[in-house]
Amino acid sequence: MSIDMLPDDVLVEIFNFYIQFYFRRHRNAWHTLVHVCWRWRSIVFASPRRLNLRLEYCGHLPMLQALDAWPILPVTLSSSFTEPFHVTLDQQRDNMVAALESEYHNRICEIYIDDITNSRWDRFAAAMQKPFPELTHLHVSIFRSVVPVLPDSFLGGSAPRLRELSLRMIPFPSIPKLLLSANGLVTLSLWDIPHSGYMSPDVMATALKAMTKLESLHLQFLSPRSRPDPASQPLPPSTRFVFPALTKLIFEGVHEYLEDLLSRINAPLLYNLRIIFFMDLDFDVPQYHWLVGHAKVFKAFDHAEVLISDNSIKLSFYPKTGVVDHHRLELQINCEELDWQLSSLAQVCSSSFPLFSTLEELELRNHKSLSTSQWKDDIENAQWLELLDPFTALKNLYLTPGAEQHVCGALKELSGERATEVLPALRNLFVDGFESVKRVQEAIRPFIAARQLSGHPVTIDHWQSVRKRKR
């Protein structure tokens, strides 16, 4: 049987598979189909909804000229800024803005514009003050500019069909008002929010209540200046609002903002939680602990990694399967001083942290950009012990060379009852290299002896040999 003998409905399903396969790389992939023969052309244009047909416009031509040869279909604006021989990048950008200003704006269903320059911002902002009735996806970013805030009339103040909204470095303090109309939103990403675009946690939480379909929320502030004022913040409600579909939450900012926001919401299906805090001297995050403790998927995590770099410290948790995939729990604190890094993480991850009672494996790593010589020798042993103290169920501890020196320096001071109080369940200490095994055995001899006498022995082994056995 040749393909010409297939009925139209079967061809439609084949076409749909083809278009979906190539869609991410080329939204106009269906153009190939309509140039094969008149029958295929008729079938494709007779099924615009089933095939989710879109006309992708990149500004290489004026919009009227680019769309004139095609039927009336929804339009995707995509700033794939390349420089063909007949048009410059500036002309492309001007054509994109002109498309927003044109009578075709009511056909635009998706907008992907990156790196809007300061000189075009006023035209862009003015063009976006009217409703876009078909708009479902909006992704816009600014190119290193300081621009005026977007007014309340952005998108005409309403976006009922919007499913994805992503703004980068764009000040839009009244965005909660727009979000109240976007109750079909699935993805909300506000990146690099400048201080001029600040919105309070209470206002944001109120707007989010309308979004029962929201699956992914990303809030990232540019600086610690975006901090809530305790005096002006209302008390959190007695009951939390449940987000039934939220699975991904990414936040970067001050811990006070996150705590206020989390006190108002609950996300029982959450399985991807990534938090980045700006440095602070006093971390108190009971709401963060509550959220982690009530997310069912995180209860299966038994492996953690502490990664120390020159400007941050990050704690990551992984499931028992060892497969990271999309199930992720990460906490990062941005700070350059190692002693502050250790102190901050110890505050956030105190003994009340929900996962520490079941966590069995921990890796302490230094980032490859941070050499062993860069690790300070003046860090007090007590700070390392404070970091390790909450890991009461830990059985296996893995140390890279940078961490080895400091952790072992702290452990060697432990003797008697204190040797079993810190990491009481520890069974194996793994270091990198056979020479390290001998060195560590000698360095922490008092600790090893005390654990042996207490009936809780600790074995020191080579990290790589263990990896080979696991394979």
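Because the structure is predicted, anything quoted here is derived from the model rather than measured.

The subject of this paragraph is helix H11 (residues 338-348). Along H11, the positions that sit buried rather than exposed are Leu338, Gln341, Leu342, Ser344, Leu345, Ala346 and Val348. Packing partners of the buried residues in H11 comprise helix H10 (286-294), strand E12 (301-308), strand E13 (312-319), strand E14 (328-334) and helix H12 (381-388).

To continue, consider unusual backbone geometry. Trans is the common state for peptide bonds, and a negative phi is the common state for residues other than glycine. Despite not being glycine, Met169 shows a phi value in the positive range, around 60 degrees. Overall, the relative accessible area of 21% leaves Met169 in the partly exposed class. The phi dihedral of Leu423 falls on the positive side, at around 50 degrees, and the residue is not glycine. Within the fold, Leu423 resides in the loop between helix H14 (418-421) and strand E17 (428-431). By relative accessible area, which is 0% here, Leu423 ends up buried.

On the surface, Phe17, Phe21 and Tyr22 cluster together into a nonpolar patch covering about 360 Å² of accessible area. The topology assignment puts Phe17 in helix H1 (residues 8-22).

Attention now moves to helix H8 (residues 201-208). Buried within H8 are the following residues: Pro201, Met204, Ala205, Ala207 and Leu208. Along the long axis of H8, the arc covered by the buried residues comes to 160 degrees, so they all point the same way. Residues of H8 that are buried in the fold lie against helix H7 (175-179), strand E6 (187-193), strand E7 (216-221), strand E8 (241-242) and helix H9 (255-262).

Inspection of every chain in the model, using the stated rule, returns 22 salt bridges. Arg50 serves as the salt-bridge partner of Glu13, at 2.8 Å between the closest nitrogen and oxygen. Residue Glu13 is located in helix H1, and its partner Arg50 is located in the loop between helix H3 (38-45) and strand E1 (55-57); the two are separated by 37 residues in the primary sequence. Glu13 gets classed as partly exposed once you look at its relative accessible area, which sits at 40%. Using a relative accessible area of 42% as the deciding quantity, one classes Arg50 as partly exposed. Residue Glu101 pairs with Arg123 through a salt bridge whose shortest N-O separation is 2.8 Å.

A word on the confidence of the model for the chain. Confidence in the prediction of the chain, expressed as mean pLDDT, is 85, and 91% of residues score 70 or more. Counting contacts from residues 465-471, a segment whose pLDDT is below 50, to residues more than four positions away or on other chains yields 7 contacts.

Two elements in contact, H12 and helix H13 (residues 401-411), have axes whose closest approach is 8 Å; the angle formed by their N-to-C orientations is 90 degrees. Judged on the interaxial angle alone, H13 and H12 are roughly perpendicular. Within the contact between the two elements, H12 uses Asn381, Trp384, Leu385 and Leu388 and H13 uses His406, Val407, Gly409, Ala410 and Leu411.

One finds Leu100, Leu138, Leu188, Leu273, Tyr288, Phe317 and Leu397 to be the most contacted residues of the largest nonpolar core, which totals 140 residues. The greatest single-element share of this core, amounting to 5 residues, is contributed by H13. Contact partners of Leu273, with chain neighbours within four places excluded, come to Leu249, Tyr288, Leu291, Val292, Phe298, Arg328, Leu329 and Glu330.

To continue, consider the environment of Ala66. Relative to the helices and strands, Ala66 is located in helix H4 (residues 63-67). As a C-alpha pair, Ala66 and Glu56 span 10 residues in sequence and 9.5 Å in three-dimensional space. Beyond its immediate stretch of four places on either side in the chain, Ala66 contacts Tyr57 and Leu61.

Once that is clear, we can look at the packing of aromatic side chains. One pass over the structure, following the stated rule, counts 19 aromatic pairs. With 5.9 Å between their ring centres and 80 degrees between their planes, Tyr198 and Tyr257 make a pair best called edge-to-face. Within this pair, whereas Tyr198 is found in the loop between E6 and H8, its partner Tyr257 is found in helix H9, the two being separated by 59 residues in sequence. With a centroid separation of 6.0 Å and an interplanar angle of 20 degrees, the aromatic rings of Phe251 and Tyr257 are classed as stacked. Joined through ring pairs, the aromatic side chains of Tyr288, Phe317, Phe353, Phe356 and Phe391 make up one cluster.

Let us look at the pairing of E14. Among the 7 residues in E14, 5 count as buried, and that is most of the element. Strand direction decides the pairing type here: E13 and E14, joined by 6 bridges, are antiparallel. Bridged to Lys314 within E14 is Gln332.

Below, the discussion takes up the side chain of Ser316. Residue position: Ser316 is located in strand E13. The class for Ser316 is buried, based on a relative accessible area of 2%. Leaving out residues up to four positions away in the same chain, Ser316 has contacts with His303, Ala304, Glu305, Leu329 and Glu330.

Within strand E15 (residues 361-366), 5 of the 6 residues are buried, leaving the element largely enclosed by the surrounding structure. Relative to strand E16 (residues 396-399), E15 runs parallel, the two being bridged by 4 bridges. Within E16, the residue paired with Glu361 across the bridge is Asn396.

Cut-offs applied
Each chain carries its own residue numbering, running from 1 in the written order of its sequence. Thresholds applied to this predicted model are a pLDDT of at least 70 for local features of residues and 80 or more for the giving and counting of side-chain atom pairs; totals over whole chains, interfaces and linings are not thresholded and use all residues. Note that the side-chain values use all heavy atoms of the structure and ignore hydrogens as well as water. Only protein chains enter the accessibility calculation, which uses a 1.4 Å probe; a residue is then buried when its area is under 20% of its type maximum, exposed when over 50%, and partly exposed in between. Strands are runs of DSSP state E lasting at least two residues, helices are runs of H or I lasting at least four, and both sets are numbered from the N terminus onward. When checking whether two residues touch, look at their non-hydrogen atoms; a contact exists if any pair is within 4.5 Å. Patches were defined on residues exceeding 30% relative accessible area and lacking a salt bridge, with like-charge contacts within 9 Å and nonpolar side-chain contacts (Val, Leu, Ile, Met, Phe, Trp, Tyr) within 5 Å. For every accessible area listed, the method is Shrake-Rupley and the probe measures 1.4 Å; residues are considered covered only by the protein chains on display. The working definition used for a salt bridge is a side-chain nitrogen of Lys or Arg within 4 Å of a carboxyl oxygen of Asp or Glu. Arc definition: directions from the helix axis to the C-beta atoms. Note: pLDDT gives the predictor's confidence per residue, expressed from 0 to 100. To define axes, lines are fitted to C-alpha atoms, for helices over the stretch in contact only, and angles between the resulting N-to-C directions are given on a 0 to 180 degree scale. Oblique is the label for any angle not covered by the other classes, which are roughly parallel (under 35 degrees), roughly antiparallel (over 145) and roughly perpendicular (65 to 115). Residue types Ala, Val, Leu, Ile, Met, Phe, Trp, Tyr and Cys, when buried and joined through side-chain atoms within 4.5 Å, form a set referred to as a nonpolar core. Aromatic pairing here means that ring centres of Phe, Tyr or Trp (its six-membered ring) are within 6.5 Å. Orientation follows from the plane angle: under 30 degrees is stacked, over 60 is edge-to-face, and everything else is tilted. Following DSSP output, two strands are said to pair if at least two bridges run between them.

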